Amino acid sequence: MAASVREKQAAALKRMLNFNAPPLKNTAAEPVWKVLIYDRFGQDIISPLLSVKELRDMGITLHLLLHSDRDPIPDVPAIYFIMPTEENIDRICQDLRNQLYESYYLNFISAISRSKLEDIASAALASNAVNQVTKVFDQYLNFITLEDEMFILCNQNKEHISYHAINKPDIMDTDMEAIMDTIVDSLFCFFVTLGAVPIIRCPRGNAAEMVAVKLDKKLRENLRDARNSLFTGDTMGTGQFSFQRPLFVLADRNLDLATPLHHTWTYQALIHDVLDFHLNRVCVEESQGSEASPAGARPKKKNKKSYDLTAADKFWQKHKGSPFPEVAEAVQEELDTYRAQEDEVKRLKSIMGLEGEDDGAISMLSDNTAKLTSAVSSLPELLEKKRLIDLHTNVATAVLDHIKSRKMDVYFEYEEKLMSKSTLDKSLLDIISDPDAGTAEDKMRLFLIYYITSQQPPSEADLEQYKKAMLDAGCDLSPLNYIKQWKAFTKMAATPANYGSGGVKPMGLFSRVMNTGSQFVMEGVKNLVLKQHNLPVTRILDNLMEIKSNQETDDYRYFDPKMLRGSESSIPRNKNPFQEAIVFVVGGGNYIEYQNLVDYTKARPGKRVLYGCSELFNASQFIKQLSQLGQK
């Protein structure tokens, strides 16, 4: 299998931390000690990929933010990893003037312009530090890889390229150009790191098309300029099928507004929905002991704990896409096996504590020494296992609290029925007016999904009734105003997205988790199992990757940056199905779609699909953006 983009980006970072030379294989040599200076952008790119320990192994003794107060360290080389922005450049010039470090390796996350380079050069001249600026590199790493198959463009300043920014009605053309340039710059970095020139497909007449046109132009210009092209030579042959190019599908968030609002049922997507989860780190509030605080005392402050959910965590890798009930059972099983192992170690200890008088104990000793040695050698492994079990117990319990207090299983089941247009067992009005079912936001999400997926919008009288019920529940109706305009607009433009014949089948209540010894009290939560169905984004990908004819995707535009001339209609098209594809959603994505694509690929061996989005939001962040749009 070809190296994943995550591995490639991590390798590029390691090369940069080794002064842009390939890292040496023999690790016996001491690394050169150095300082790493990054801005917030650089920090977000590095943190999901390299741990502090890995940085230390690469010789990084200190890692500091560019705009913090840093003391001079005269005899140490400094590696900078920053965006080429005005303020960053000014700060570098200031560092040169103050002679902070022995030598400077400047690495820009995205390409630096000629004029800014000249600013640095003149500052270096003025402060007599020309010899100390050892290297200046453009790294083309302006994107964040979260998983082997998933990347986002940025975490800092993401409101500049958010769904709200792209879709606000009073946007100026110049602003739109700037947003598109930011997105294209990051995508260009992504393909440079991947080392492949894609074939680009996109729908017509929306933001995705603007991105496609600009990206095509940027890739073309780079390929034309043979001397400085980033896609030649050794990097190109590294793909698994270097002669087979990846397909790049640009989709627009407006194709499907229901999925980002959907209540979900898989572990990773649930964590993202109800807890604070970004850049692979989740923050959980620890519930305090239930003893009552004396009257009039301030309530106890909740502790926040953060956990990293990484590729090294086997449990996470295996279960992040599983339905939540399965995860709860799996955590319980892990806990049981761990306890059994722990008991075994304890038992051996007590035997070893026997007095050495009688012969029985002596003969047992020789037999048990071997056992004990193996038990002791497996201790570090056991401790790591224990840490992971505790982590997932805490995270899963926090998620379960939300599911139970907000009746999220009810919402999930009802929304699945709405999206797959199956018969409903109770009226929408009942759920909205039930004071126990969920928060005002949950009700709003449910109603928006109903409104987006319904063939006929509800009559005025019905709508008034729903609105009244939602206002009584404390909902803010501004998202609905925007969705109404959006629906009226898309009705003219295209048919509504079809969500496939999905649905869920309830499996009866939990069997194993219900028994008394379990950590998780699942009473009253439905045990729902997902049926595999493709969301709109996955379906579009399927049509384009397998070259199926479908009215939905037939008039998607086709760009091939390697073709030097020829209009779109005359380009010879690729007729064979693609093996590798990248789906990118302009306007934001979510873990539900990512998981749907992962499941789609699992069923098709040999295929690889990456999922990217301009920002990763959960439903409440998306609703905030919709309500800002609705207040205009």
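Since the structure is predicted, the reported quantities are computational estimates derived from the model, not experimental observations.

Draft legend 1. Inspection of the overall build of the protein chain at higher detail. Counting its secondary structure elements, the protein chain contains 21 helices and 17 strands. Per-residue burial over the protein chain gives 50% buried out of 632 residues. Long-range pairs, those at least 24 residues apart, make up 78% of the contacts in the protein chain with a sequence separation of at least 6. Only carbon and sulfur atoms are counted for the fraction: they give 53% of the accessible area of the protein chain, which is about 30,300 Å².

Draft legend 2. Geometry of the sheet that holds strand β17 (residues 608-613). One open sheet accounts for 7 strands, arranged β6-β7-β17-β16-β9-β8-β15; its pairing is mixed. The open sheet is flanked by β6 (144-147) and β15 (557-559), the only strands paired with a single partner. Geometrically, the sheet is characterised by an average inter-axis angle of 20° between neighbouring strands, direction not taken into account. Two elements, strand β16 (residues 580-586) and β17, share 6 bridges in a ladder whose sense is parallel. Paired with Phe 584 across the strands is Gly 612, a residue of β17. With respect to the sheet, helix α1 (residues 5-17) is in contact with β6 and β17, its orientation differing from that of β6 by roughly 130°.

Draft legend 3. Geometry of the pairing of strand β9 (residues 247-252). A large share of β9 lies buried, amounting to 6 of its 6 residues. Taking every second residue as pointing to the same face, both faces of β9 are buried, with Leu 247, Val 249 and Ala 251 on one and Phe 248, Leu 250 and Asp 252 on the other. Where strand β8 (residues 199-202) meets β9, 3 bridges bridge the pair, whose relative direction is parallel. Counted as the bridge partner of Arg 201 is Val 249 from β9. As defined by bridge partners, β9 adjoins β16 across 6 bridges and the pair is classed as parallel.

Draft legend 4. Looking closely at unusual backbone geometry. Despite not being glycine, Phe 19 shows a phi value in the positive range, around 60°. Under the relative-accessibility criterion, Phe 19 is labelled buried at 14%.

Draft legend 5. Quick peek at helix α19 (residues 536-545). Across the 10 residues that make up α19, a large majority, 10, are buried. Burial in α19 covers these residues: Pro 536, Val 537, Thr 538, Arg 539, Ile 540, Leu 541, Asp 542, Asn 543, Leu 544 and Met 545. Elements that come into contact with the buried residues of α19 comprise β8, β9, β16, α20 (591-602) and β17. Trailing α19 by a residue or two, Ile 547 shows a phi angle of about 50°, which is positive.

So, how was this worked out
Per chain, residue numbering runs from 1 following the sequence as it is written. Owing to the predicted nature of the model, reporting of local features is limited to residues with pLDDT of at least 70; listing and counting of side-chain atom pairs is limited to 80 or more, with chain, interface and lining totals taken over all residues. Calculation of side-chain values draws on the structure's entire complement of heavy atoms; hydrogens and water are dropped beforehand. Where helices and strands are cited, they refer to DSSP runs of H or I of at least four residues and of E of at least two residues respectively, numbered from the N terminus. Exposure classes here rest on a 1.4 Å probe applied to the protein chains alone. A residue is buried below 20% of its type maximum, exposed above 50%, and partly exposed in between. Contacts were defined at the residue level, with two residues in contact if any of their heavy atoms lie within 4.5 Å. Each accessible area is a Shrake-Rupley result for a 1.4 Å probe, and residues are judged covered by the shown protein chains and nothing else. The pairing criterion for strands is at least two bridges between them, as found by DSSP. Here the axes come from fitting lines to C-alpha atoms, over the contacting stretch only for helices, and the angles between their N-to-C directions go from 0 to 180 degrees.

Everything listed is a geometric property; what it means functionally is a separate question.
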